[in-house]
Amino acid sequence: DSRVGLMLGCCGAPAYWAGQTALFEATLDVWRENLRAMGNPTLILPCSSCYQVFKSSLPDVELVSLWEIYAQRGLPAGAAPITEARTVAIHDPCTARYARDVQDSVRGLVQRLGYRVDELPRSRERTTCCGYGGLMWLANRDLAQKVVQRRVEESAADYVTYCATCRDFFASQGKRALHLLDLIYDHEDETRAARRSPGYSERRANRARLKRRLLETIWGEAMHGPQPHESIRLIMADDVRQRLEARLILDEDIQRVIAYAERTGRRLVNRETGHFLAYFKPHSVTFWVDYLPQDDGFVIFNAYSHRMDVPGSSQP
């Protein structure tokens, strides 16, 4: 339908959960302005957190869940039922706890695709959090780990959820889990339930790739070309990658530090290891990177960040 568009952006839920009221309201103001400019269209939402936020904070906006659209208009071509019925357990995201119509639509779609539904002991209005809600995973990671581990132990069946974050949190614990879109568009590939969750940087790169692809193939538009620092190739061991993921440091943050250090020469040399240590503040956070140049890229040994200002380190 040519009248359907795409808006990519945050609903403001993380700011709301963090108590950042001003940031949350500013985010909602952007949505109000954009929707008004487009004639106040109906919002079709695949994310239950967005659905909850907009339903409570933008009461004048007409909302519908993507899953209700599929339930009403039918599944896309190619989404045929599986040939051999399998049992899956449906995890309702905590932000969909009281969205009964959404819950019913999801179960109807899963059954239409040929799966048997095993209700978890705590589902629908009694569902539990995956560990992300309220930014628990940032405020108390040990508690978040316990919460998600307790949830994945409730059933031996593969989990199906309609929240990407829930799916990734389950996968991080080794639980076989699928997003509902996996069932709709690629249900014959059973290996998808065991795939790892994308990392912090990979998730961001996927969003940029989606935007670029849709702009080019549907709307005939092009994004701005890559920035010079994006061509910097990073080489790091798995344990280093995991450490930086836990610290929420993006590949792009590291690339910016290296680009700044290599361009300006502002870097320290560790005489014992030969490694370079450099810092840069591209926005509100200062990043430090321990690295070593090679012919085919830059080996990363460590990185960390803080909110201390170092004079001369900011983005010009």
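These numbers come from a predicted model, not from an experiment.

Novice: Can you walk me through the sheet that holds strand β6 (residues 177-179) in this structure?
Specialist: Picture the strands of a sheet paired through backbone hydrogen bonds; they go either parallel or antiparallel. Read from one edge to the other, the open sheet built from 4 strands follows the order β4-β3-β5-β6, with strand pairing classed as parallel. The open sheet has two free edges, formed respectively by β4 (116-119) and β6, since each of these has just one partner strand. Taken pair by pair, the neighbouring strands of this sheet meet at an average axis angle of 40°, ignoring direction. Bridge count between strand β5 (residues 158-161) and β6: 3 bridges; the pairing is parallel. Each bridged residue has a counterpart across the sheet, and for Tyr159 the counterpart in β6 is Ala177. Strand contacts of helix α8 (residues 164-172): β3 (87-91), β5 and β6, with the helix running at about 165° to β6, the strand carrying the most contacts.

Novice: For this particular structure, what's the right way to read the nonpolar core?
Specialist: Across soluble globular proteins, nonpolar side chains have a tendency to be buried as a group. Counting residues in hydrophobic clusters, the biggest one holds 37 residues, and the most contacted among them are Phe54, Trp67, Val106, Val110, Tyr162, Leu180 and Leu183. Setting aside chain neighbours within four positions, we find Val110 in contact with Val88, Ile90, Tyr115, Val117, Val160, Leu180 and Leu183. Among the nonpolar cores identified, the runner-up in size contains 21 residues, and Leu234, Ala261, Phe280 and Val289 belong to it.

Novice: Looking at this structure, I do not really get the sheet that holds strand β11 (residues 297-306). What am I missing?
Specialist: Reading across from one edge, β7-β11-β10-β9-β8 is the order of the 5 strands in this open sheet, with mixed pairing throughout. A single partner strand is all that each edge strand has here, and the edge strands are β7 (234-235) and β8 (268-269). Along the sheet face, helix α12 (residues 251-264) touches β7, β9 (276-280), β10 (286-294) and β11 and points at about 70° away from the line of β10.

Novice: Can you help me understand the packing of helix α4 (residues 66-73) against helix α5 (residues 100-112) in this one?
Specialist: The relative placement of two packed helices is expressed as an angle between their axes plus a distance between the axes. Across the interface, α4 lies against α5 with an axial gap of 8 Å and an inter-helix angle of 50°. Here α4 is positioned oblique relative to α5, judged by the angle of their axes. α4 and α5 meet at a crossing whose hand is left-handed. Mapping the contact onto sequence places Trp67, Glu68, Tyr70 and Ala71 in α4 and Asp101, Val102, Ser105, Val106, Leu109 and Arg112 in α5. Here the residues of the contact of α4 with α5 are counted per class, giving 6 nonpolar, 1 polar and 3 charged.

Novice: Help me out: how do you make sense of the pattern of salt bridges in this one?
Specialist: A side chain of one charge can pair with a side chain of the opposite charge when the charged atoms of the two come close. Within the structure shown, the criterion is met by 20 salt bridges. Asp104 serves as the salt-bridge partner of Arg100, at 4.0 Å between the closest nitrogen and oxygen. A residue pair is termed a helical-turn pair when its members lie 3 or 4 positions apart in one helix, as Arg100 and Asp104 do in helix α5 at 4 residues. A relative accessible area of 42% means that Arg100 is categorised as partly exposed. Take Asp104: its relative accessible area is 36%, and that puts it in the partly exposed class. Salt bridges sharing partners connect three or more residues here, namely Arg100, Asp104, Arg124 and Glu125.

Novice: Even after reading the chapter, I still don't get the pairing of β3, so can you show me in this structure?
Specialist: Of all 5 residues that make up β3, 4 are buried, and the element is covered over most of its length. Looking at chain direction, β3 and β4 are connected through 4 bridges and run parallel. Paired with Ala89 across the bridge in β4 is Asp118. In terms of handedness, the path from β3 via α5 over to β4 forms a crossover that is right-handed. Both β3 and β5 contribute to a ladder of 4 bridges, which runs parallel. Within the sheet, the bridge partner assigned to Ala89 lies in β5 and is Tyr159.

Here is what the cut-offs are and how they apply
Residues numbered from 1 in each chain as written. Predicted model: local features only at pLDDT ≥ 70, side-chain atom pairs only at ≥ 80, totals over all residues. Heavy atoms only, no water. Pairing = 2+ DSSP bridges. Helix = DSSP H or I, 4+ residues; strand = E, 2+ residues; numbered from the N terminus. Axes fitted to C-alpha atoms, helices over the stretch in contact; angles between N-to-C directions. Contact = heavy atoms within 4.5 Å. Core = buried A, V, L, I, M, F, W, Y, C linked by side-chain atoms within 4.5 Å. Buried < 20%, exposed > 50% of the residue type's maximum accessible area, 1.4 Å probe, protein only. Parallel < 35°, antiparallel > 145°, perpendicular 65-115°, else oblique. Left-handed = near helix turned anticlockwise from the far one by under 90°. Nonpolar A, V, L, I, M, F, W, Y, C, P; charged D, E, K, R; others polar. Salt bridge = Lys/Arg side-chain N within 4 Å of Asp/Glu carboxyl O. Right-handed = clockwise from strand over helix to strand, strands pointing away.

Don't take any of this as a statement about function, it's just geometry.
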